[in-house]
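One-letter residues, chain by chain:
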Amino acid sequence: MKAPYLLDCYKKEFDAQVTKVKEGVFITLDQTYFYPIGGGQPYDTGIITSNGKAYKVIFVKKEEGEIIHEISDLGIKEGDHIHGTIDWDRRYILMRYHTAAHILSEVISKATGALITGNQLETDKARIDFSLENYDKEKILEYIAQANQIIKEAHPIHWSLLQRKEAESILGEKMTSLAKGFSEDIQEVRIVDIEGFGKEACGGTHLKNTSEVGEILFVKAENKGKNNRRIVITLEKTVV
Ligand SMILES: [Zn+2]
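Residues numbered from 1 in each chain as written. Predicted model: local features only at pLDDT ≥ 70, side-chain atom pairs only at ≥ 80, totals over all residues.

Caption draft 1: Structural context of the pairing of strand β1 (residues 13-22). In terms of residue burial, β1 counts as a barely covered element, since only one of its 10 residues are buried. Relative to strand β6 (residues 81-86), β1 is paired through five bridges, and the arrangement is antiparallel. Pairing of E13 across the sheet is with T85, part of β6. Here four bridges tie β1 to strand β2 (residues 26-29), and the two strands are oriented antiparallel to one another. Within the sheet, the bridge partner assigned to K22 lies in β2 and is F26. Counting the residues that bridge the hairpin from β1 to β2 gives three residues, and of these E23 lies at a positive phi of roughly 50 degrees. (Buried ≥ 20, exposed ≤ 12 C-beta atoms within 10 Å, placed from the backbone. Helix = DSSP H or I, 4+ residues; strand = E, 2+ residues; numbered from the N terminus. Pairing = 2+ DSSP bridges.)

Printed below as a string of structure tokens:
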């Protein structure tokens with residue numbers, strides 16, 4: 001598997017071989033644990049070392065099914081063996097935000113039937129956009145309290161990769177509360193199961209347990225046009 005980070009979100013270092021180099025700085029590997037930008041989650045950064053030299057990984061993206069790492073310097077060649085190290089502080093906070101946003105989105109869509117129209121994670125906040133006609137701040141605070149309850153209850157989180165047909169039979173055809181649905185060309189679907197809370201198709205990096213999120217704090221809610229609401233949250237800095 002080229003992107004094993006989907007099955008092991010806690011792997012911080014790995015070895016790989018360079019399969020392609022474009023313009024000297026765009027590197028493709030035979031496997032990678034660097035997360036490429038996508039689904040509202042930013043790319044991982046970190047270091048790739050090869051032949052005794054360290055290169056910064058400054059951007060990671062997915063293009064035509066391949067994960068491309070942009071590095072800071074020239075020097076890596078096709079066939080080189082590399083050692084990759086992910087900037088764990090950055091990745092781990094993004095995992096906390098991902099799991100937090102995932103839980104809160106599910107709480108909101110279960111309670112209201114709203115679809116999630118967008119989300120963006122950052123290292124100090126996250127926003128979730130959803131379609132909802134009536135905006136009520138008290139209700140939003142209630143959803144956040146419910147999400148915090150799930151977090152506190154310390155639900156284990158599991159994930160597995162399934163063929164699309166099998167995934168659809170478990171989750172129903174839509175598989176997700178994302179308004180845009182699940183891309184047609186994805187044949188292998190990763191299912192994230194927050195034990196005792198809910199299963200959903202998801203391609204982001206997740207915590208092993210909801211308790212690692214810490215606590216979700218409300219920042220603000222905005223109207224983004226008719227039927228479109230935005231919530232901004234932040235996380236308590238320290239995790240108990
Ligand atoms: Zn998720």
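Once the structure has been displayed, the description carries forward.
Caption draft 2: Summary view of the domain arrangement of the protein. We note that the domain assignment places domain 1 (4-86) and domain 2 (91-235) within the protein. Averaged C-alpha coordinates put domain 1 and domain 2 at centres separated by 27 Å. With 12 residues of domain 1 at the interface, the matching set in domain 2 holds 15 residues. Here the side of domain 1 that touches domain 2 is built from residues that sort into seven nonpolar, four polar and one charged. (Domains from an automatic or database assignment. Contact = placed C-beta atoms within 7 Å. Nonpolar A, V, L, I, M, F, W, Y, C, P; charged D, E, K, R; others polar.)

Caption draft 3: Summary view of the packing of helix α1 (residues 88-112) against helix α2 (residues 137-152). Following both chains from N to C, one finds α1 and α2 inclined at 125 degrees, their axes separated by 9 Å at the closest point. Looking at the two axes, α1 sits oblique to α2. Crossing handedness for the pair α1 and α2: right-handed. Residue-level inspection shows I103, L104, V107, I108 and A111 of α1 in contact with α2, the latter providing Y143, I144, Q146, A147, I150 and I151. Across the contact of α1 with α2, the residue classes break down as 10 nonpolar, one polar and no charged. (Axes fitted to C-alpha atoms, helices over the stretch in contact; angles between N-to-C directions. Parallel < 35°, antiparallel > 145°, perpendicular 65-115°, else oblique. Left-handed = near helix turned anticlockwise from the far one by under 90°.)

Caption draft 4: Local environment of α2. For α2, with 16 residues, the first-to-last C-alpha span of 22 Å sits near the 22 Å given by 1.5 Å per residue. Of all the positions in α2, only Y143, I144, A147, N148, I150 and I151 are classed as buried. Relative to the axis of α2, the buried residues are bounded by an arc of 155 degrees and lie together on one face. Exposed side of α2, more than 90 degrees from the buried face: E138, L141, A145 and Q149 are the residues found there. Check the buried side of α2 and you find it contacts α1 and β12 (216-223). (Expected span 1.5 Å × (residues − 1). Arc of directions from axis to C-beta.)

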